[in-house]
Amino acid sequence: MQLEQATQESGWSGTIPSAIDIRLLGLVVITAGLAASVNVPYGGLPVAVAAFVVLVGGGVVVHVLGERKLRRITDGLVERWIAAGGEIDDVTRSADGMRTEWTVHTAGGEITVGGIALVPIAKLSVEWEGVGDTMDASEAEANLDALADSLYEECFEIGSAPQRS
């Protein structure tokens, strides 16, 4: 009953937008181009082009999988915060395609959730009121309940306590 009531108070629609990082994709293309250029003297231009296509394709897949992982974590955090009674107004993409990052708009301020979206080395970062924390995305996903509880306490409970001088 309490969970349903908390969900009704929230203004959030329930959809985390995708946040593809164009800078990261550019890095993938440049790295693939440099790696493929090594093949020109040994295998010729057709081998270099094939290597470029394979490397770019692999890099894009790795980035998309990393973005999906970070989006799942962000969605899990927001769902748990709402269930705990947090007032979430909206979740928006933070930048115009230049970062894999979302802004969670709350009554107490904005929480930025994002990170490095490359699946083998994906990192999650959470920033609130200028204080940030970064951790391995796989670790965050495995311990999502504990992470959501600690962040809820930090952002919603401690953050809303009156300041003493």
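Preceding block: the structure.
Sequence order as written defines the numbering, with residues in each chain counted from 1. Note on the predicted model: pLDDT of at least 70 is required for a residue's local features to be given, and 80 or more for side-chain atom pairs to be given and counted; whole-chain, interface and lining totals, by contrast, use all residues. Derived side-chain values reflect all non-hydrogen atoms in the structure, with water molecules and hydrogen atoms excluded from consideration.

1. A word on a nonpolar patch on the surface
Item 1. A contiguous nonpolar patch, built from Val29, Val40, Leu45, Val49, Phe52 and Val53 and spanning about 500 Å² of accessible area, is present on the exposed surface.
Item 2. Comment: elements are numbered from the N terminus, with helices defined as DSSP H or I runs of at least four residues and strands as E runs of at least two. In terms of residue count, the dominant contributor to the nonpolar patch is helix α3 (residues 40-83) (five residues).
Item 3. One can find Val53 in helix α3.
Item 4. Residue class for Val53 comes out exposed when judged on its relative accessible area of 53%. Like charges are joined within 9 Å and nonpolar side chains (Val, Leu, Ile, Met, Phe, Trp, Tyr) within 5 Å, but only among residues with over 30% relative accessible area and no salt bridge; these make up the patches. Throughout, the Shrake-Rupley method with a 1.4 Å probe supplies accessible areas, and for residues the shown protein chains are the sole cover considered. Salt bridges are defined by distance alone: a side-chain nitrogen of Lys or Arg within 4 Å of a carboxyl oxygen of Asp or Glu. Three labels apply to residues, based on accessible area from a 1.4 Å probe with only protein chains included: buried if under 20% of the type maximum, exposed if over 50%, partly exposed otherwise in between.

2. Here we look at α3
Item 1. Given a rise of 1.5 Å per residue, 44 residues ought to cover 64 Å, yet the end C-alpha atoms of α3 are separated by just 57 Å, more than 12% below that figure.
Item 2. Two axes enter the bend calculation: one fitted to the seven residues ending at the residue in question, the other to the seven starting there, and the bend is the angle between them. Of all the bends in α3, the largest measures some 80° and sits at Pro46.
Item 3. Note on α3: the residue one or two positions beyond its end, Gly85, has a positive phi of about 110°. Take the number of residues in a helix, subtract one, and multiply by 1.5 Å to get its expected span.

3. Quick notes on the pairing of strand β3 (residues 109-116)
Item 1. Here the rule is simple: two strands pair whenever DSSP picks up at least two bridges between them. Pairing of strand β2 (residues 101-106) with β3 involves six bridges; the strand directions are antiparallel. Bridge pairing in β3 links Trp102 to Val113.
Item 2. In this antiparallel pair of consecutive strands, β2 and β3, the connection spans two residues.

4. Things to note about unusual backbone geometry
Item 1. Although it is not a glycine, Glu129 adopts a positive phi angle of roughly 50°.
Item 2. Among the secondary structure elements, Glu129 is positioned in the loop between β4 (123-128) and β5 (131-136).
Item 3. Assessed through its relative accessible area of 57%, Glu129 is described here as exposed.

5. Some points on the pattern of salt bridges
Item 1. Counting across every chain of the model gives six salt bridges.
Item 2. Salt-bridge contacts for Asp145 lead to Arg80; the nearest nitrogen and oxygen are separated by 2.5 Å. Separated by 65 residues along the polypeptide, Asp145 in helix α5 (residues 144-160) and Arg80 in helix α3 bring together distant segments of the chain.
Item 3. Residue classification places Asp145 among the partly exposed residues on the basis of a relative accessible area of 48%.
Item 4. The residue Glu101 makes a salt bridge to Arg99 at a minimum N-O spacing of 2.7 Å.
Item 5. Among the ionic contacts, a cluster of salt bridges with common partners joins Lys69, Arg72 and Glu141.

6. So, the packing of aromatic side chains
Item 1. Aromatic contacts are taken between Phe, Tyr and Trp rings whose centres are within 6.5 Å, Trp giving its six-membered ring; a plane angle under 30 degrees counts as stacked, one over 60 as edge-to-face, and the others as tilted. In the structure shown here, the tally under the stated rule is two aromatic pairs.
Item 2. Look at Tyr152 and Phe156: their rings are 4.9 Å apart centre to centre, the planes differ by 20°, and that puts the pair in the stacked class. A residue pair is termed a helical-turn pair when its members lie 3 or 4 positions apart in one helix, as Tyr152 and Phe156 do in helix α5 at four residues.
Item 3. On the basis of relative accessible area, Phe156 is assigned to the buried category, the value being 14%.

7. Some remarks on the packing of helix α2 (residues 22-37) against α3
For any two helices packed against each other, the geometry is given by the interaxial angle and the distance between the axes.
Item 1. The geometry of α2 relative to α3 is characterised by a closest axis approach of 7 Å and an angle of 155° between their N-to-C directions. As judged from the angle between their axes, α2 and α3 are roughly antiparallel. Where α2 crosses over α3, the handedness of that crossing is right-handed. Note on element contacts: α3 touches α2 through Val40, Pro41, Ala48, Ala51, Phe52, Leu55, Val56, Gly59, Val60 and His63, opposite Leu24, Leu25, Val28, Val29, Ala32, Gly33, Ala35, Ala36 and Ser37. Here, axes are lines fitted to C-alpha atoms. For helices the fit covers the stretch in contact, and angles between N-to-C directions go from 0 to 180 degrees. Should an angle fall under 35 degrees it is taken as roughly parallel, and over 145 as roughly antiparallel, whereas 65 to 115 is taken as roughly perpendicular and any remaining angle as oblique. Whether a crossing is left-handed or right-handed is set by the direction in which the near helix is turned from the far one by less than a right angle, anticlockwise for left-handed and clockwise for right-handed. Contacts are assigned to residue pairs with any non-hydrogen atoms lying within 4.5 Å of each other.

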